[in-house]
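# Residue-level structure breakdown
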Amino acid sequence: MSIAAVLLAAGRGSRLGGNTPKALVSLGNQALLSRTLAEYLASSLDYVVVVLGYGAEQVEPILPSHPRLRAVRSPEWEKGMSASIRAGMEALDPDTESVLIGLGDMPWVPSAILDQVRDAARGRERIVAPYFRGGRGHPVSFP
């Protein structure tokens, strides 16, 4: 049984203005999604499914070649986050025990937190979420 992540990176980022996909917005000298993916791939998750949508053809070239990374496109990304979650869930292995739903625009979630959520989710039939400063955080794990 594996524990995976579905990392949502399909949005346009319309509040940012312009036509650059939000995943490619520069954070220092690195694309926002690259920074986020680095933490997910540094974690002990069995694999990561990144869901692309707006500007997928521009985002795919920046994805690292990694044996635990899968990229899928959400054909209905414009319908919102639920369409992207559905596309990511359809890409999971049948033996996946739990899935962490993460956001591609949250680059400051360290791999240690991802590992804590993963460990807390193993063997449990309940939703697991981290807490930060008294509030629920991300990612959230679902059985």
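An account of the accompanying structure is given in this report. These figures come from a predicted structure and were not determined experimentally.

## Topic: the pattern of salt bridges
In a structure, side chains of opposite charge can pair up when their charged atoms sit close to one another. Here the structure, examined in full by the defined rule, presents eight salt bridges. One salt bridge connects Arg35 with Glu39, and the closest N-O pair in it is separated by 2.9 Å. Here Glu39 and Arg35 lie together in helix α1 (residues 32–42), a separation of four residues that amounts to about one turn. We note a salt bridge from Glu60 to Arg73, for which the minimum N-O separation is 2.8 Å. One end of the pair, Glu60, is in the loop between α2 (56–59) and β5 (69–73); the other, Arg73, is in strand β5, and 13 residues separate them in sequence. Given the relative accessible area of 43%, Arg73 is considered partly exposed. Through salt bridges with shared partners, one network takes in Asp46, Arg118 and Asp119.

## Regarding the side chain of Thr36
Mapped onto the elements of the fold, Thr36 is located in helix α1. On the accessibility criterion, Thr36 (1% relative accessible area) is buried. Setting aside chain neighbours within four positions, we find Thr36 in contact with Leu7, Leu103, Gly104, Met106 and Pro107.

## Remarks on the packing of aromatic side chains
The tally for this structure, following the rule as stated, stands at one aromatic pair. Where Tyr54 meets Trp77, the ring centres are 5.5 Å apart and the plane angle is 65 degrees; that geometry is what we call edge-to-face. Of this pair, Tyr54 sits in the loop between β4 (47–52) and α2 while Trp77 is found in the loop between β5 and α3 (81–90), placing the two residues 23 residues apart along the sequence. A relative accessible area of 22% places Trp77 in the partly exposed class. Looking at Arg70, its charged tip hangs above the ring of Tyr47, at a distance of 3.9 Å from the centre.

## Some details on the sheet that holds β4
Sheet architecture is open: five strands sit in the order β5-β4-β1-β6-β9, paired in mixed fashion. Each edge of the open sheet carries a strand with a single partner, namely β5 and β9 (140–142). Averaged over all pairs of adjacent strands, the angle between strand axes in this sheet comes to 25 degrees, irrespective of strand direction. Sheet analysis places strand β1 (residues 2–9) next to strand β6 (residues 96–103), joined by seven bridges and oriented parallel. Looking across to β6, one finds that Ala4 is bridged to Val99.

Reading the values: the criteria
- Residues numbered from 1 in each chain as written.
- Predicted model: local features only at pLDDT ≥ 70, side-chain atom pairs only at ≥ 80, totals over all residues.
- Heavy atoms only, no water.
- Salt bridge = Lys/Arg side-chain N within 4 Å of Asp/Glu carboxyl O.
- Helix = DSSP H or I, 4+ residues; strand = E, 2+ residues; numbered from the N terminus.
- Buried < 20%, exposed > 50% of the residue type's maximum accessible area, 1.4 Å probe, protein only.
- Contact = heavy atoms within 4.5 Å.
- Phe/Tyr/Trp six-rings, centres within 6.5 Å; stacked < 30°, edge-to-face > 60°.
- Lys NZ or Arg CZ within 6 Å of the ring centre and 35° of its normal.
- Pairing = 2+ DSSP bridges.
- Axes fitted to C-alpha atoms, helices over the stretch in contact; angles between N-to-C directions.

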